[in-house]
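Below are the chains, spelled out letter by letter.
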Amino acid sequence: MKLLTHNMLTSHVKGVTKGYPLLIKATEVKMNEVEFNPQFVSRMIPKLEWSALIQAAEELGHRQDLPGELVPDYEKDEEFLKMVHRVLLEVEVIEGFLQCPESGREFPITRGIPNMLLNEEEA
Amino acid sequence: MTTGFPTPLYSHAGRGDFRDVYEPAEDSFLLIDALEKDAERLQLISPCVCLEVGSGSGVVSAFLASVIGPSALYLCTDVNPAAAQCTAKTASCNNVSLQPVLTSLVDSLLPRLGGKVDVLLFNPPYVVTPSEEVIQLSTAFYLLLMRIVKDIVPFFQVGSRGIEAAWAGGKRGREVTDRFLPLVAQLLSSEGLFYLITIAENDPEEIIHSLCKHGLKGESCLSTRAGNERLSVLRFHRS
């Protein structure tokens, strides 16, 4: 599971109103080399919840020099885009779980895939 | 016609670890053909976020990724864990990047994907099968056969998470589609396109009419006959 995917996930346990962002408890994280595509990164940034990305990167110990807030004119800042690219696409959680910040419910991550399925009672 | 994009490799689907994954069939290929036919239009939108609900083997998203290229995020959902893993394998076999999420429809992806999906794909379980109510009634009437029925019934049940989740569509083959349709208007971006596979029994005209009320304009963009089924790809966009 890439942090880009994580940025799009919200806990949907019944009754939960503050289910975002999910906390990440990783037991296995891999770094994968992914071809840098500045256009892709530039276009994804406006769709991200930036603080959730920073929090996730921090949880995994991969925050490095990412700023707490978006820099203006980032489209032209290749160094910045490369940092974002790394955190969004190259850090992968292989095993672990996502945790609902409100209910504590754990969603397992298995072989890189988050399992967001709920039981009948929780939906 | 366009110079043709190759069909993604998918021979791993339907066997070994992926034996419970829906093997690409006429419906999958019809959807692929519809996307190929729309290649120019899709490229013109320059999609950023693509979402396939019920990706199965992942072959359709892999194809879409070959048409649109690596400048987009390709999310794929499925309720079947084997399908989610198979989608990941299909991605790596075809040198594309797909992000599988194990979930029902788009649970947990809203609200974050609200208004952001540029290409939305759904090849739903569309086969007409007994609805859950019918199954419950039948078991009440046939008490002596209950043990046998209990073994057979899950195979036809809407709402399971194994291979039958891939095709069992319940009443009019619409039970799963109908749960998804209200979400389409929430998901689609202003220029977004939604592609849906239907068979005649699903009453595609009614689906078009229904989404029209949500501000979405739809039409059948491609159809074919496969065995007993009259398959169509419906395409929708914001009006």
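About the cut-offs
- Residues numbered from 1 in each chain as written.
- Chains lettered and ligands numbered in written order.
- Predicted model: local features only at pLDDT ≥ 70, side-chain atom pairs only at ≥ 80, totals over all residues.
- Heavy atoms only, no water.
- Contact = heavy atoms within 4.5 Å.
- Salt bridge = Lys/Arg side-chain N within 4 Å of Asp/Glu carboxyl O.
- Polar contact = N/O pair within 3.5 Å; in protein donor to acceptor, adjacent residues only side chain to side chain.
- Helix = DSSP H or I, 4+ residues; strand = E, 2+ residues; numbered from the N terminus.
- Nonpolar A, V, L, I, M, F, W, Y, C, P; charged D, E, K, R; others polar.
- Buried < 20%, exposed > 50% of the residue type's maximum accessible area, 1.4 Å probe, protein only.
- Pairing = 2+ DSSP bridges.
- Disulfide = S-S within 2.5 Å.
- 1 Å grid on protein atoms, 1.4 Å probe; cavity = no way out; pocket = protein on both sides within 12 Å on 5 of 7 lines; lining within 4 Å.
- Points joined across faces, edges and corners; volume = space filled by probe spheres on them.
- Core = buried A, V, L, I, M, F, W, Y, C linked by side-chain atoms within 4.5 Å.
- Axes fitted to C-alpha atoms, helices over the stretch in contact; angles between N-to-C directions.

Caption draft 1: Local environment of the interface of chain B and chain A. Across the boundary between the two partners, chain B contributes 29 residues, which contact 25 residues of chain A. At the boundary of chain B with chain A, the tally comes to 0 salt bridges. Between chain B and chain A we count 12 residue pairs in polar contact (both at pLDDT 80 or more) in total. For the side of chain B that touches chain A, the secondary-structure elements that each account for two or more residues are strand 2 (73-78), helix 4 (81-93) and strand 3 (99-102) of chain B. Looking at the side of chain B that touches chain A element by element, the count peaks at 4 residues for strand 3 of chain B. Looking at the side of chain B that touches chain A residue by residue, the classes come out as 17 nonpolar, 8 polar and 4 charged.

Caption draft 2: Region of the structure containing the pairing of strand 4 (residues 117-122) of chain B. All names here are of chain B. Of all 6 residues that make up strand 4, 6 are buried, and the element is covered over most of its length. Bridge count between strand 1 (residues 49-53) and strand 4: 4 bridges; the pairing is parallel. The residue of strand 4 that forms the bridge with Cys 50 is Val 119. As defined by bridge partners, strand 4 adjoins strand 5 (residues 188-199) across 5 bridges and the pair is classed as parallel. The residue of strand 5 that forms the bridge with Leu 120 is Phe 194.

Caption draft 3: Layout of the pattern of salt bridges. As enumerated under the stated definition, the model contains 12 salt bridges over all chains in all. Lys30(A) is the salt-bridge partner of Glu28(A), the closest N and O atoms lying 3.8 Å from each other. Relative accessible area serves as the criterion here: at 42%, Lys30(A) is assigned to the partly exposed category. The shortest N-O distance in the salt bridge between Arg105(A) and Glu122(A) comes to 2.7 Å. On the criterion of sequence distance, the pair formed by Arg105(A) in the loop between strand 2 (91-99) and strand 3 (106-110) and Glu122(A) in the segment after strand 4 (113-114) is long-range, its members being 17 residues apart. For the pair shown, Arg105(A) and Glu122(A) are each scored as buried. Each member of the salt-bridge network shares a partner with another, and the members are Arg172(B), Arg174(B), Asp178(B), Asp203(B) and Glu206(B).

Caption draft 4: Representation of the state of the cysteines within the structure. Residue and element names in this part refer to chain B. Within this structure, the stated rule accounts for 0 disulfides over all chains. Here Cys 50 stays unpaired: no disulfide links it, and the sulfur of Cys 48, its closest cysteine neighbor, is 8.4 Å away. Taking the relative accessible area as the measure of exposure, Cys 50 reaches 1% and is therefore buried.

Caption draft 5: Main features of unusual backbone geometry. The peptide bond linking Tyr20(A) to Pro21(A) adopts the cis configuration, its omega dihedral lying at -5 degrees. Of note, Pro21(A) is situated in the loop between helix 1 (3-6) and strand 1 (23-31). Note the cis peptide between Leu110(B) and Pro111(B), where omega equals 10 degrees. Within the secondary structure, Pro111(B) is located in the loop between strand 3 and strand 4. The phi torsion at Arg111(A) lies on the positive side, around 50 degrees, for a residue other than glycine. Mapped onto the elements, Arg111(A) comes out in the loop between strand 3 and strand 4. With a relative accessible area of 52%, Arg111(A) lands in the exposed category. Positioned with a positive phi, Asn95(B) is a non-glycine residue whose angle comes to about 55 degrees.

Caption draft 6: Broad picture of empty space enclosed by the protein. All names here are of chain A. Applying the stated criterion to the full structure yields 1 cavity of 30 Å³ or more. Computed from the structure, the largest cavity encloses a volume of approximately 30 Å³. Forming the boundary of the largest cavity are His 62, Arg 63, Gln 64, Asp 65, Leu 66, Met 83, Arg 86 and Val 87. Class assignment for the residues of the lining of the largest cavity results in 3 nonpolar, 2 polar and 3 charged.

Caption draft 7: Inspection of the environment of Glu120(A) at higher detail. Inspection of the secondary structure puts Glu120(A) in the segment after strand 4. Sequence spacing of Glu120(A) and Asn7(A) is 113 residues, and the spatial spacing of their C-alpha atoms is 25 Å.

Caption draft 8: Examining the nonpolar core more closely. Residue and element names in this part refer to chain B. Leu 51, Leu 120, Phe 180, Leu 187 and Phe 194 are the most contacted members of the largest nonpolar core, which has 67 residues in total. If sequence neighbours within four positions are ignored, Leu 120 has contacts with Leu 51, Val 53, Phe 180, Val 184, Leu 187, Leu 188, Leu 193, Phe 194 and Tyr 195. With 33 residues, the next largest nonpolar core counts Ile 32, Ala 72, Ala 91 and Ile 197 among its residues.

Caption draft 9: Representation of the sheet that holds strand 1 of chain A in the model. Residue and element names in this part refer to chain A. Taken together, the 4 strands give an open sheet; going across it, the order is 1-2-3-4, and neighbouring strands pair in antiparallel fashion. Every other strand in the sheet has two partners, leaving strand 1 and strand 4 as the edge strands with one partner each. As paired strands, strand 3 and strand 4 are joined by 2 bridges and run antiparallel to one another. Note on strand 4: the bridge partner recorded for Ile 109 is Pro 114. Sheet strands touched by helix 4 (residues 78-90): strand 1 and strand 2. Its angle to strand 2, the strand with the most contacts, is close to 60 degrees.

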